[in-house]
Protein chains: 4
Amino acid sequence: MAKVKDLLWNEGMSVRDLTNSLGNVGFQSVQLNNAAKVIVKMKKEGAKIFFTFTSNMVTSGLRGLFAQTIQLKLADVIVTTVGGIEEDIMKSMGEKFDIGKFSSDDVELYEKGENRIGNLFIRSESYCKFEEFMQLALKDLYKKKKTWAVSELLKELGLILKDENSILYQSAKNNVPIFCPAITDGAFGFHLYMFKQKNPDFIVDVVDDFKNILLSTSHDEKKGVISLGGGVSKHHALLSCLLNGGLDYAVYLTTSHQTSGSMSGATTDEAKSWGKVKDDSDASTVIGDVTITFPLVIISAFEELRKEGMI
Amino acid sequence: MAKVKDLLWNEGMSVRDLTNSLGNVGFQSVQLNNAAKVIVKMKKEGAKIFFTFTSNMVTSGLRGLFAQTIQLKLADVIVTTVGGIEEDIMKSMGEKFDIGKFSSDDVELYEKGENRIGNLFIRSESYCKFEEFMQLALKDLYKKKKTWAVSELLKELGLILKDENSILYQSAKNNVPIFCPAITDGAFGFHLYMFKQKNPDFIVDVVDDFKNILLSTSHDEKKGVISLGGGVSKHHALLSCLLNGGLDYAVYLTTSHQTSGSMSGATTDEAKSWGKVKDDSDASTVIGDVTITFPLVIISAFEELRKEGMI
Amino acid sequence: MAKVKDLLWNEGMSVRDLTNSLGNVGFQSVQLNNAAKVIVKMKKEGAKIFFTFTSNMVTSGLRGLFAQTIQLKLADVIVTTVGGIEEDIMKSMGEKFDIGKFSSDDVELYEKGENRIGNLFIRSESYCKFEEFMQLALKDLYKKKKTWAVSELLKELGLILKDENSILYQSAKNNVPIFCPAITDGAFGFHLYMFKQKNPDFIVDVVDDFKNILLSTSHDEKKGVISLGGGVSKHHALLSCLLNGGLDYAVYLTTSHQTSGSMSGATTDEAKSWGKVKDDSDASTVIGDVTITFPLVIISAFEELRKEGMI
Amino acid sequence: MAKVKDLLWNEGMSVRDLTNSLGNVGFQSVQLNNAAKVIVKMKKEGAKIFFTFTSNMVTSGLRGLFAQTIQLKLADVIVTTVGGIEEDIMKSMGEKFDIGKFSSDDVELYEKGENRIGNLFIRSESYCKFEEFMQLALKDLYKKKKTWAVSELLKELGLILKDENSILYQSAKNNVPIFCPAITDGAFGFHLYMFKQKNPDFIVDVVDDFKNILLSTSHDEKKGVISLGGGVSKHHALLSCLLNGGLDYAVYLTTSHQTSGSMSGATTDEAKSWGKVKDDSDASTVIGDVTITFPLVIISAFEELRKEGMI
């Protein structure tokens, strides 16, 4: 049985050394170090990796690290919500988001055209820029064909962006499909609706895309999931793996607790009862703000895999 | 300024008396009593009420209270995730869910065919029953037409169920549309996919349904939201109201906190910066397990509205 | 195995009926109903009941319900922190606390002499009133003897108050000792220090009071704990029972989760490993705001015990 | 206004570089970087630093980092609970704590003599070792004098330990007083009680120690607090600073939220209303598991201060 060891600072300490030491500290730090190890293992074992995150994380600066995770081939399938796609595009168009306070005066923000997400603000102008992008892009897509599965459509958009820090661009470039089961739930959906008003035969086929995610892996393949936050993104990845025989590896980073029975709080233990995580799988759940836990976990995994020449 | 008053028990105390007293206790109890008042107000003012909840809440016994809320005309538009629709149908077919422990042995549960959601279990057989239902229902729907908006499709299913405690049945009967932007994210999606394999011209049109939710209200109408939990359901209702000029009333019941910038933790304050809740709106956010807070809030609102002959 | 049952509203529904129904709803509501049952059982079995709460709960209107719990003989030993004692005394002197907002302007409050605890405010004047009370009371106590165990001292103060809604008064009247292991951690401590400056032989003996709590029960006696929140109050009650052979019944109501290893988040399961809760004990942990969960739990227990003529 | 910047990994990335980057990510990561900056500032400005933590953190491997914080003179006054003192002593005597699971079988652990704190276990034998230490130490102390303030007593114990990783030893060696307002709330209290049974004139004077903490600083001095977790430790430090005119700098790291009005969840904003944190103070609250957030914050502060030759 592992023993608690006193954590000590050494000058110039690296992230990897810190995470390693956290493995002997206790409480969530133990699970954090274990999460890094599970990711290293799923990569080494050649598992197909499902990577899920929520929209607010793309609003944050984690977006660069997500693009890098795709670029370094630690993600084979992406599942996310549509807000994240919108904000990835805005950032690729040069829009900057502001950092403010959780306790801002919200009426004042509204009057200034600032839209608050926690302690981050998106200006209404950024949505106008996004609208321009969508109007042009949808016209081009429609010329090619009338019926689109969501992931096909997102790939085309990614190819336009040409931004190394973009999730959509890195996904398109590296042939990593992005699934977004609730594609209409945002400004993106509004632009689809407006476009369809003029072009009623334009169809976004979500059932076809469910086929695509199911066929993105197989029963024979080893499968792992790295899930940040909860919601539809997490559930959809787990479901797709379950219908392919269940997961071999699972890492969940979330702020939610299992006590309310929510998807965001569901632990890697619960997933076993669904056959989602197999009995003998390697799994770790870390409770905490993902803007802190994910960088520690993924950077430590990157360092380990780089050292071994795997990335 | 309101004053703290000592809460005292009276024999035979009613839920309504308790909630009223909680208004002078402090911390979340104040916000809970306020939530009941905001719901009474949105009903009295004739607001169009958007009601959102997550799948795990339908797994729980809240499902009956949700059906009752629709029946008593405190919900004009429903937004939810697909798991809740599946489980509403299972329950209407007589399936019973088990109550167990959060700390169950999940591998053992898996072997027994029990699927855990917090401390509730759904037997795999219930999913087989659901499959039978869907296969028959989809055949019938397909005979009527080839392209369906999600809410149209759910209305047809509701009419089949004929169960007073069913969310789908009460919605269909009372002309309350159910929107489900991520319709493929569950067993439901799998059955749609299987059906479409044999009938490729069967189309589920999500963009068309986004039009339906946008047109379900208007700028001129007063609008309120009662949102339980977070995720796509909450976001979709807020977005639809925002695109119609913003909300007048908002009640959020959730276990999540705003500190991680998630949708589930977003407060009624944050919504003001999005123009979602208007400056002068009446709003209340209650942090806590919705299986406890929602019954207190809605029963107190029911009692008050019944007393005034409004329901 | 218990089954999920749909919760339905009946007009005029009582708190007891609601709590009973919650037992078949799911997630925390199941544990809430179980908590009420465990309290009924510990009373029926004649267990010695340790009742613990934190200072902020006495600031809130729960104070009346705490006094009532003592009056109805559902508490045999109290453990709390000193802030709660101060505010119980202030309320007995007629001071009123204000209900405001969590997001108040704190600098403005400071300038107005309002001290914020969540969404409750205590005016600085209330501390002046408390000072007057203490100066007189300590003089009287000192005349009687020089060395006081904390619980002896609190009993004397309680006898002065003569307020049916007071925790100290009901405790004194019903011979229920109040233990407060961190008696100096508040304005109370400051007044003790000022008094001791003039009267250096005045001694508050905390070690002697630890003897008193240890001897307040015995190995032979059945023991139960009702613990609200965490901290020193919860730990001290558990420790005292552990040193007397462990608990038979335990109910913990708290907002904290076990994932950080804190005392406030420690569950009734964890207590088993300490011998604190015995293997076969009846126990329930409910996660949620205590201003909501405690009234539901204790009122339901009161109703049940009244029906059976036990209180 | 600061802008969100995409976080990117560089090979061999240091903890300091990561924390700096987190300052532009969003949500809690922004507050985490700010916390490191506030600590650097309070040290540079020569503030008297109050450092508080809870017992479970000493059980964890943070203990080494706490001792190092004292050694590097980033703590001038310590406030903690007695469990942490017990476990610091056990570790100095060579006792090792085990790392297990949150979901352990607690009855089995009890039978094996393992006492669980979250996912850490302390063997009952470690308490026997602690007992031996206390019996000898108290005899020696009693020979010197009969009446002890808590902090005096803890200094004597620290001097015996001679372990560089010990909180008590580093405190004693560096003349940093340790205050523990609830000294009887643990095995330590039990040994005090047993000793006093034989030596009734042995007095532990908590009121005298309240004087000591009040006089440990002054109105004129700049004051800062670094508070980990909540409870009596946090409250006692804030109170002592308040009675000396309020704080200039405050850093709170905690898993609790302000929504229940608890001390552990109280933010640095709330403290302003108490005059605890002055209007113009520099302050940061970080929500998250302290075993993860504290190492990031303090190591980044250490690196910065070392670079500037301050430590």
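Throughout this document, residue positions are counted from 1 along each chain, in the order its sequence is written. A letter from A marks each chain and a number from 1 marks each ligand, given out in the order of writing. A pLDDT threshold of at least 70 governs which residues receive local features in this predicted model, and a stricter bar of 80 or more applies before side-chain atom pairs are shown or counted, although totals over entire chains, interfaces and linings include all residues.

When helices and strands are counted, chain A shows 14 helices and 11 strands. The C-alpha radius of gyration computed for chain A amounts to 20 Å, which stays within 12% of the reference 19 Å derived for 311 residues, consistent with globular compactness. Its C-alpha atoms give chain A principal-axis dimensions of about 65 × 50 × 40 Å. Buried residues are those with 20 or more other C-beta atoms within 10 Å of their own C-beta, exposed residues have 12 or fewer, and partly exposed residues lie in between; C-beta atoms are placed from the backbone. Sorting the 311 residues of chain A into buried and exposed places 67% on the buried side. Contacts spanning at least 24 positions in sequence make up 75% of the contacts within chain A whose residues lie at least 6 apart. Numbering of helices and strands runs from the N terminus, with a helix taken as a DSSP run of H or I at least four residues long and a strand as a DSSP run of E at least two residues long. Each radius of gyration reported is based on C-alpha atoms, and the globular scaling rule is 2.2 Å times the count of residues to the power 0.38. It is the C-beta atoms, placed from the backbone, that decide contacts: two residues are in contact if theirs lie within 7 Å.

We now examine the environment of Asp185(B). Structurally, Asp185(B) is set in the loop between strand 7 (178–179) and helix 10 (187–198). Exposure remark for Asp185(B): the 27 C-beta atoms within 10 Å place this residue in the buried category. If near-sequence neighbours (up to four positions away) are discounted, Asp185(B) is found in contact with Pro181(A), Val232(A), His235(A), His236(A), Leu239(A), Thr81(B) and Val82(B).

The next point concerns the interface of chain C and chain D. Between chain C and chain D, the residue contacts involve 55 residues of the former and 55 residues of the latter. For the side of chain C that touches chain D, the residue count by class is 21 nonpolar, 22 polar and 12 charged. Under the scheme applied, nonpolar residues are Ala, Val, Leu, Ile, Met, Phe, Trp, Tyr, Cys and Pro; charged residues are Asp, Glu, Lys and Arg; polar residues are all the others, including Gly.

A few words now on the sheet that holds strand 4 (residues 114–117) of chain D. Note: strands within a sheet are paired through backbone hydrogen bonds, in either parallel or antiparallel orientation. All names here are of chain D. Ordered in space as 3-5-4, the three strands form an open sheet in which the pairing is antiparallel. Since the sheet does not close on itself, it has two edges, and those belong to strand 3 (98–99) and strand 4, each with one partner. Strands pair, by our definition, only if DSSP identifies at least two bridges between them. Examined bridge by bridge, strand 3 and strand 5 (residues 120–123) share two bridges and lie antiparallel to one another. Pairing of Ile99 across the sheet is with Leu120, part of strand 5.

Residue and element names in this part refer to chain A. For helices, the fitted line uses only the C-alpha atoms of the stretch in contact; every axis is such a line through C-alpha atoms, and the angle between N-to-C directions lies from 0 to 180 degrees. At a closest axis distance of 9 Å, the pairing of helix 5 (residues 82–92) and helix 7 (residues 124–144) adopts a crossing angle of 95°. In terms of orientation, helix 5 and helix 7 fall into the roughly perpendicular class. Contact residues: helix 5 offers Glu86, Ile89 and Met90, while helix 7 offers Ser126, Lys129, Phe130 and Phe133. Considering only residue class, the contact of helix 5 with helix 7 consists of four nonpolar, one polar and two charged. Put simply, angles under 35 degrees are roughly parallel, angles over 145 are roughly antiparallel, angles from 65 to 115 are roughly perpendicular, and the rest are oblique.

Time to look at the pairing of strand 4 (residues 114–117) of chain C. Residue and element names in this part refer to chain C. By the alternation rule, side chains of strand 4 split into Glu114 and Arg116 and Asn115 and Ile117, which are all buried. Note that strand 4 and strand 5 (residues 120–123) share four bridges and pair antiparallel. Looking at the pairing, Arg116 lines up with Phe121 of strand 5. The turn linking strand 4 back onto strand 5 is made up of two residues, and Gly118 within it adopts a positive phi angle of 65°.

Tallying the contact residues gives 53 residues for chain D and 53 residues for chain A. With seven residues, the single largest contributor to the side of chain D that touches chain A is helix 14 (residues 290–307) of chain D. Class assignment of the residues belonging to the side of chain D that touches chain A gives a composition of 24 nonpolar, 19 polar and 10 charged.

Helices are assigned an expected span. That span is 1.5 Å times one less than the residue count. Compared with an ideal rise of 1.5 Å per residue, which puts 12 residues at 16 Å, helix 10 (residues 187–198) of chain C spans 17 Å between its outermost C-alpha atoms and is within 8% of the ideal. Every buried residue of helix 10 of chain C is listed here: Ala187(C), Phe188(C), Gly189(C), Phe190(C), Leu192(C), Tyr193(C) and Lys196(C).

So, about the relation of the copies chain C and chain D. Only residues with pLDDT of at least 70 in both copies contribute their C-alpha atoms to the least-squares superposition of the copies. For the pair chain C and chain D, the best superposition has an RMSD of 0.0 Å and corresponds to a rotation of 180° with a translation of 0.0 Å parallel to the axis. What the rotation and shift describe, once combined, is the action of a two-fold rotation axis. Minimal C-alpha separation from the rotation axis in chain C is found for Ala182(C), amounting to 2.2 Å. A symmetric contact is evident, with 100% of the interface residues of chain C recurring at the interface of chain D.

Take chain D, turn it by 180°, move it 0.0 Å along the axis, and it overlays chain A with an RMSD of 0.0 Å. When the interface residues of chain D are mapped onto chain A, 100% of them are again interface residues, pointing to one common binding face.

Okay, the confidence of the model for chain A next. Values of pLDDT, ranging from 0 to 100, describe the predictor's confidence in every residue of the model. Averaged over every residue, the pLDDT of chain A is 95; the share at 70 or more is 99%. The ipTM assigned to the predicted complex is 0.96, against a pTM of 0.97.

What follows is about the sheet that holds strand 4 of chain C. Strand order across the open sheet formed by three strands is 3-5-4 (chain C), with antiparallel pairing between neighbours. At either margin of the open sheet sits one strand with a lone partner, and together these are strand 3 (98–99) and strand 4 of chain C.

Now for the pairing of strand 10 (residues 247–254) of chain A. Across a regular strand the side chains alternate sides, sitting on one face of the sheet and then on the other. All names here are of chain A. Of all eight residues that make up strand 10, eight are buried, and the element is covered over most of its length. Where strand 9 (residues 223–228) meets strand 10, five bridges bridge the pair, whose relative direction is parallel. Counted as the bridge partner of Ser227 is Tyr252 from strand 10. Crossover handedness for the path strand 9 to helix 12 (residues 231–242) to strand 10: right-handed. For the handedness criterion, the strands are oriented away from the viewer, and a crossover whose path from the first strand over the helix to the second runs clockwise is classed as right-handed.

Residue and element names in this part refer to chain C. Where helix 1 (residues 15–22) contacts helix 14 (residues 290–307), the two axes come as close as 9 Å, and the packing angle between them is 110°. When the axes of helix 1 and helix 14 are compared, the pair comes out roughly perpendicular. Our pair here, helix 1 against helix 14, has a crossing hand that is left-handed. Within the contact between the two elements, helix 1 uses Val15, Arg16 and Thr19 and helix 14 uses Leu296, Ile299, Ser300, Glu303 and Glu304. Taken together, the residues that form the contact of helix 1 with helix 14 break down as three nonpolar, two polar and three charged. Each helix crossing is assigned a hand: it is left-handed if the near helix lies turned anticlockwise from the far helix by less than a right angle, otherwise right-handed if that turn is clockwise.

Moving on to the environment of Gly265(C). Residue and element names in this part refer to chain C. Structurally, the position occupied by Gly265 is in the loop between strand 10 (247–254) and helix 13 (268–273). Judged by the 24 C-beta atoms lying within 10 Å of it, Gly265 is buried. Taking the C-alpha atoms as reference points, Gly265 and Leu253, 12 residues apart in sequence, are found 9.5 Å from one another. Look past the residues within four positions of Gly265 in its chain and what remains in contact with it is Gly230, Thr254, Ser256, His257, Gln258, Thr259 and Ser260.

In this section: helix 12 (residues 231–242) of chain B. Residues and elements named next belong to chain B. The end-to-end C-alpha distance of helix 12 is 17 Å, a good match for the 16 Å that 12 residues give at a rise of 1.5 Å each. Burial of helix 12 is extensive: 11 of the 12 residues sit out of reach of the surface. Every buried residue belonging to helix 12 is among Gly231, Val232, Ser233, Lys234, His235, His236, Ala237, Leu238, Leu239, Ser240 and Cys241, and all of these are buried.

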